[in-house]
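The lines below spell out each chain.
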Amino acid sequence: MRIARDLPGAELAGFFDASQARAKEVADTLEVGAAASLDELLDQIDALIIVTPTAAHEAVAVQALERGIHVFIEKPIAPSIEAADRILAAADRGGALVQVGHVERFNAAVQAARPFLDRPLFVESHRLAPFTARGTDVAVVLDLMIHDVDLISSLVGRPIRDLRAAGIPVLTPSVDIANARLEFEGGAVANLTASRVSMERMRKLRIFQPSGYLSLNLADGSGEFLRLREELPALQSDGKGGEDLPAALGDRDLATLVERIPLESNGVEPLRLEQESFLEAVRGKGEPAVTGEEGRKALAVALDIESRILAHVADSRSEQA
């Protein structure tokens, strides 16, 4: 709300919250009008940002889309593939666009790293958080890991060929900690870990590629690119002459073998960049940064991961019994 209120070139007509107490608090704090109902709000707008719990995404989105109102939907697009398909069908009927809120694509570290990306071959992500009640209406895969499923898929740019997953419930009936291994066409591999029962917060992404290594701290938008120095062709060869490598390196350590390039944050809030991109798409100045179809694909992978984890847990329990 705070960001949408201040976007240049758009007017924040108002908002609706099912909680009257919360609606009053937000309206008073941000000096924005609260609608008495969703219908009242939809009568006033051209585009809608949906930040309800996941279970309500479909009901709100379909009402808006069938009126021709463009929608931005926080991730995941829906709790099920069937619900996602009904949202996309409503968009087709209403001639409206859908953008999904995979905000990590707008992370400052990711934006700074993009010019250096060159055929990622191995990617490792850690997304850890202490336990809170927020988001526990879905498993940690849909709450947290789906961010990295979408981000890594967009960075690799190839279809997923195979996946494996494991995890367990800890504090909730749903899966609270999960690990997945994704194999992409072309040979790239990604190892993803997500937890909402960690003692520390961590949002890190490591990308290994032929030209070097990218280390990204998604929490503060910083990172660095380590690449082999150009004067070391022996390290970048096709493997021939490897027997001469020890002599070529001598007693050099890692610091003398690589060039460290800091990746600086641009200082712009990722949520602001995300909403600006939605506004541009609504104005017809480009496609949504994350289309509804891309949001559906990320959901499908996340649900597959969750399904495999639940099967793994059930097998483990039956063996113990």
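Basis of the calculations
- Residues numbered from 1 in each chain as written.
- Predicted model: local features only at pLDDT ≥ 70, side-chain atom pairs only at ≥ 80, totals over all residues.
- Heavy atoms only, no water.
- Phe/Tyr/Trp six-rings, centres within 6.5 Å; stacked < 30°, edge-to-face > 60°.
- Helix = DSSP H or I, 4+ residues; strand = E, 2+ residues; numbered from the N terminus.
- Buried < 20%, exposed > 50% of the residue type's maximum accessible area, 1.4 Å probe, protein only.
- Contact = heavy atoms within 4.5 Å.
- Pairing = 2+ DSSP bridges.
- Axes fitted to C-alpha atoms, helices over the stretch in contact; angles between N-to-C directions.
- Expected span 1.5 Å × (residues − 1).
- 1 Å grid on protein atoms, 1.4 Å probe; cavity = no way out; pocket = protein on both sides within 12 Å on 5 of 7 lines; lining within 4 Å.
- Points joined across faces, edges and corners; volume = space filled by probe spheres on them.
- Nonpolar A, V, L, I, M, F, W, Y, C, P; charged D, E, K, R; others polar.
- Core = buried A, V, L, I, M, F, W, Y, C linked by side-chain atoms within 4.5 Å.

Trainee: Honestly, the packing of aromatic side chains in this entry has me stumped. Any pointers?
Mentor: Within a pair of aromatic rings, the relevant descriptors are the distance that separates the centres and the angle that separates the planes. Taken as a whole and assessed by the stated rule, the structure comprises four aromatic pairs. Between the aromatic rings of Phe-116 and Phe-225, the centroid separation amounts to 5.0 Å while the plane-to-plane angle is 40 degrees, which identifies the pairing as tilted. Here the residue Phe-116 occupies a position in the loop between α6 (108-113) and β4 (122-128), and Phe-225 occupies one in strand β10 (residues 222-228), the gap between them amounting to 109 residues. Centroid distance Phe-122 to Phe-208: 5.9 Å. Interplanar angle 40 degrees. Geometry classified as tilted. Separated by 86 residues along the polypeptide, Phe-122 in strand β4 and Phe-208 in strand β8 (residues 202-209) bring together distant segments of the chain. Of the residues examined, Phe-122 reaches a relative accessible area of 31% and is grouped as partly exposed. The class of Phe-208 is partly exposed, set by a relative accessible area of 32%. An aromatic cluster is present here, built from Phe-122, Phe-208 and Tyr-213 joined pairwise through their rings.

Trainee: It is not clear to me how unusual backbone geometry should be interpreted in this structure. Could you clarify?
Mentor: In terms of backbone geometry, most residues other than glycine have negative phi values and most peptide bonds are trans. Omega for the peptide link from Lys-75 to Pro-76 comes to -15 degrees, which places this bond in the cis form. Turning to its location among the elements, Pro-76 is positioned in the loop between β2 (70-74) and α5 (81-94). Phi angles above zero are rare outside glycine, and Glu-31 is one such case at about 55 degrees. You can see Glu-31 is positioned in the loop between α2 (20-30) and α3 (38-42). Residue classification places Glu-31 among the exposed positions, given a relative accessible area of 74%. Backbone geometry at Arg-119 places phi at a positive 55 degrees, although glycine is not the residue there. In this structure, Arg-119 sits in the loop between α6 and β4. Of the residues examined, Arg-119 reaches a relative accessible area of 55% and is grouped as exposed.

Trainee: How should I be thinking about the environment of Phe-106 in this particular structure?
Mentor: Relative to the helices and strands, Phe-106 resides in the loop between β3 (98-101) and α6. When the C-alpha positions of Phe-106 and Leu-273 are compared, they lie 6.5 Å apart, and in sequence the two are 167 residues distant. Ignoring anything within four residues of it in the chain, the contact list for Phe-106 reads Gln-111, Pro-270, Leu-273, Glu-274, Ser-277 and Ala-289.

Trainee: Whenever I open this one, the sheet that holds β2 confuses me. Can you help?
Mentor: Hydrogen bonds between backbone atoms are what pair the strands of a sheet, whose relative direction is either parallel or antiparallel. Taken in spatial order, the three strands make up an open sheet running β1-β2-β3, and their pairing is parallel. Unpaired on one side and paired on the other, β1 (47-50) and β3 mark the two borders of the sheet. Recorded for the sheet is a direction-independent mean angle of 15 degrees between the axes of neighbouring strands. Strand direction decides the pairing type here: β2 and β3, joined by four bridges, are parallel. Bridge pairing in β3 links Glu-74 to Gly-101. Along the sheet face, helix α4 (residues 57-65) touches β1, β2 and β3 and points at about 165 degrees away from the line of β2.

Trainee: I would appreciate a short explanation of helix α10 (residues 270-282) in the present structure.
Mentor: An α-helical turn contains 3.6 residues, so a residue and the one three or four places further along point in the same direction. Along its 13 residues, α10 runs 19 Å from first to last C-alpha, staying within 8% of the 18 Å computed at 1.5 Å per residue. For α10, every residue scored as buried is listed here: Leu-273, Glu-274, Gln-275, Ser-277, Phe-278, Leu-279 and Ala-281. Contacts made by the buried residues of α10 are with α1 (2-5), β1, β2 and β3. Taken from the residues just after α10, Gly-284 is the one with a positive phi, measuring 80 degrees.

Trainee: Would you explain the sheet that holds strand β7 (residues 189-195) in this entry?
Mentor: The sheet built from eight strands is open, its strands ordered β5-β6-β7-β4-β8-β9-β10-β11 with mixed pairing. The open sheet is flanked by β5 (160-168) and β11 (258-263), the only strands paired with a single partner. Here the average twist between neighbouring strands, direction ignored, is 10 degrees. Strand direction decides the pairing type here: β10 and β11, joined by six bridges, are antiparallel. For Phe-225, the partnering residue across the bridge sits in β11 and is Ile-261.

Trainee: Is there a simple way to explain the layout of surface pockets in this structure?
Mentor: Approximately 300 Å³ is the volume found for the second largest pocket. Along the walls of the second largest pocket sit Arg-105, Val-149, Asp-150, Ser-153, Ser-154, Arg-158, Pro-159, Ile-160, Glu-294, Lys-297, Ala-298 and Val-301, which together make up its complete lining. Residue classes in the lining of the second largest pocket are distributed as five nonpolar, two polar and five charged.

Trainee: How should the nonpolar core be read in this particular structure?
Mentor: Burial of nonpolar side chains together is a common tendency in soluble globular proteins. Counting 73 residues, the largest nonpolar core has Leu-48, Ile-77 and Ile-305 as the members making the most contacts within it. Once residues lying within four places of it in the same chain are set aside, the contact partners of Ile-305 are Val-141, Met-145, Val-149, Leu-163, Ala-165, Ala-180 and Leu-182. Grouped together as the second largest cluster of nonpolar side chains are six residues, Ala-23, Val-26, Leu-30 and Val-32 included.

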